[in-house]
Amino acid sequence: MDLKAFDRIIMGIDPGTNVMGYGILGVRANKPEVIVMGVIELSKFESHYKRLHRIFERVSGLAAQYLPDEVALEAPFFGKNVQSMLKLGRAQGVAMAAVLTRDIPVSEYAPRSVKMAVTGNGQASKEQVSNMLRHLLHIPADQIPGPLDATDALAVALTHYYETGKPAVAKGPKSWADFIAKNPDRVKK
C-alpha cells in the first residue's frame, strides 16, 4: 500500500498490559480507510517491565513503518483496582513516549467518548463497536482480528478523525451587552 496516497495517517492505540490494540487509518479525499489493525500480545512476558519494553518496541516499529501524522490513545478508565490502573497508565505512557520521540502529536479520548462517536451509544459493547466499524469502514468480517482490542484501537483513530474534522465554530458574544459593545454600528437608535 502506498502511504503517500493518503492526505493524513492516524494511528489509534487501545492500551493494555496483556493485549494492546492498534489500528491505523489513512485519510484520502476526506474519507477514512483502514490501513492495518491488530494486537500486540503481551501475556507471554512474565515481567511487567518486559511488557513495557515490548510495547515501546512495537509502537515505535509501527510508527516507523506507517508514518502516522497523529496518534490517538484511549484514556484509561477509572476502575476499582489501583494496581491495574497504575499498570495500564504505564502502558499508555510508554506508548505515548514511543511516538513522542518521533514528534508525532498525541490526543486522548475517554472510552465513553469513543463509543459515542462510533456507535452513538456511550455504553456500547466491544461487539457493537466492532460491528459499527465494519459497517462504516466497509471491513469484511473475516478481516476483523480475534481480540476486539484491535477494533477498539481503530475506533479511537476514527474518533480522532471525526473530532479533528469538525469545522471551527466561532464563539459568539457572551451577552447582549457584549454584542452591542462589539457591534455599535448595528444598534438602531
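Residues numbered from 1 in each chain as written. Predicted model: local features only at pLDDT ≥ 70, side-chain atom pairs only at ≥ 80, totals over all residues. Heavy atoms only, no water.

Here we take up the sheet that holds strand S1 (residues 8-14). Strand order across the open sheet formed by five strands is S3-S2-S1-S4-S5, with mixed pairing between neighbours. Strands with a single pairing partner mark the edges of an open sheet, and in this sheet they are strand S3 (31-41) and strand S5 (106-109). The average angle at which neighbouring strand axes cross in this sheet is 20°, direction not considered. Direction of pairing for S1 relative to strand S2 (residues 19-28): antiparallel, over a ladder of seven bridges. Bridge pairing links isoleucine 10 to leucine 25 in S2. (Pairing = 2+ DSSP bridges. Helix = DSSP H or I, 4+ residues; strand = E, 2+ residues; numbered from the N terminus. Axes fitted to C-alpha atoms, helices over the stretch in contact; angles between N-to-C directions.)

What follows covers the environment of serine 130. Inspection of the secondary structure puts serine 130 in helix H4 (residues 126-137). Among the residues examined, serine 130 registers a relative accessible area of 5% and is labelled buried. Along the sequence, serine 130 and glutamate 70 sit 60 residues apart, while their C-alpha atoms lie 22 Å from each other. When near neighbours in sequence (up to four residues on either side) are disregarded, serine 130 contacts Ile144, Leu148 and Thr151. (Buried < 20%, exposed > 50% of the residue type's maximum accessible area, 1.4 Å probe, protein only. Contact = heavy atoms within 4.5 Å.)

Time to look at the side chain of arginine 8. By the secondary structure assignment, arginine 8 is in strand S1. A distance of 2.9 Å separates a polar atom in the side chain of arginine 8 from a polar atom in the side chain of glutamate 70. With near-sequence residues (within four places) excluded, arginine 8 lies in contact with Leu25, Gly26, Val27, Asp69, Glu70, His160, Tyr161 and Thr164. (Polar contact = N/O pair within 3.5 Å; in protein donor to acceptor, adjacent residues only side chain to side chain.)

When two helices pack together, you describe them by how their axes are tilted relative to each other and by the distance separating the axes. Direction vectors running N to C along helix H1 (residues 48-66) and helix H2 (residues 82-100) enclose 30°, while the axes themselves pass 8 Å from each other. The two elements H1 and H2 meet at a crossing, and its hand is right-handed. When H1 is examined against H2, the residues His48, Tyr49, Leu52, Ile55, Phe56, Val59, Ser60 and Ala63 are found in contact with a partner set consisting of Lys87, Arg90, Ala91, Val94, Ala95, Ala97, Ala98 and Val99. Considered class by class, the residues forming the contact of H1 with H2 number twelve nonpolar, two polar and two charged. (Left-handed = near helix turned anticlockwise from the far one by under 90°. Nonpolar A, V, L, I, M, F, W, Y, C, P; charged D, E, K, R; others polar.)

All right, on to the pairing of S2 then. Of all ten residues in S2, nine are buried, a share of seventy percent or more. Following S1, the chain reverses through four residues before pairing antiparallel with S2. Bridge count for S2 against S3 is ten bridges, and the pairing is antiparallel. Residue pairing across strands places leucine 25 opposite valine 34, the latter belonging to S3. Taking the residues that link successive antiparallel strands as the turn, the S2-S3 hairpin has two residues, and the phi of alanine 29 there is positive, at about 50°.

With that settled, the discussion passes to the packing of aromatic side chains. The final tally for this structure, using the stated rule, is one aromatic pair. Directly above the aromatic system of phenylalanine 6 lies the positively charged group of arginine 28, at a separation of 4.5 Å from the ring centroid. (Phe/Tyr/Trp six-rings, centres within 6.5 Å; stacked < 30°, edge-to-face > 60°. Lys NZ or Arg CZ within 6 Å of the ring centre and 35° of its normal.)

Moving on, we come to the nonpolar core. If you look at the biggest cluster of nonpolar residues, it comprises 26 residues, and the most contacted ones within it are Met11, Ile13, Met20, Ile55 and Val59. When sequence neighbours within four positions are dropped, the list of residues in contact with isoleucine 13 reads Met20, Gly21, Val59, Val71, Ala72, Leu73, Glu74, Ala95, Ala153 and Val156. Core analysis: the next-biggest nonpolar cluster, separate from the first, contains 22 residues, Val27, Val118, Leu154 and Leu158 among them. (Core = buried A, V, L, I, M, F, W, Y, C linked by side-chain atoms within 4.5 Å.)

Taken across its five residues, strand S4 (residues 70-74) has five buried, putting it largely inside the fold. Covered by surrounding structure in S4 are Glu70, Ala72 and Glu74 together with Val71 and Leu73, the residues of both alternating faces. Strand direction decides the pairing type here: S1 and S4, joined by four bridges, are parallel. Residue isoleucine 13 lies in a different strand from S4, and its bridge partner there is leucine 73. Where S4 and S5 come together, four bridges link them in parallel fashion. Looking at the pairing, valine 71 lines up with valine 106 of S5.

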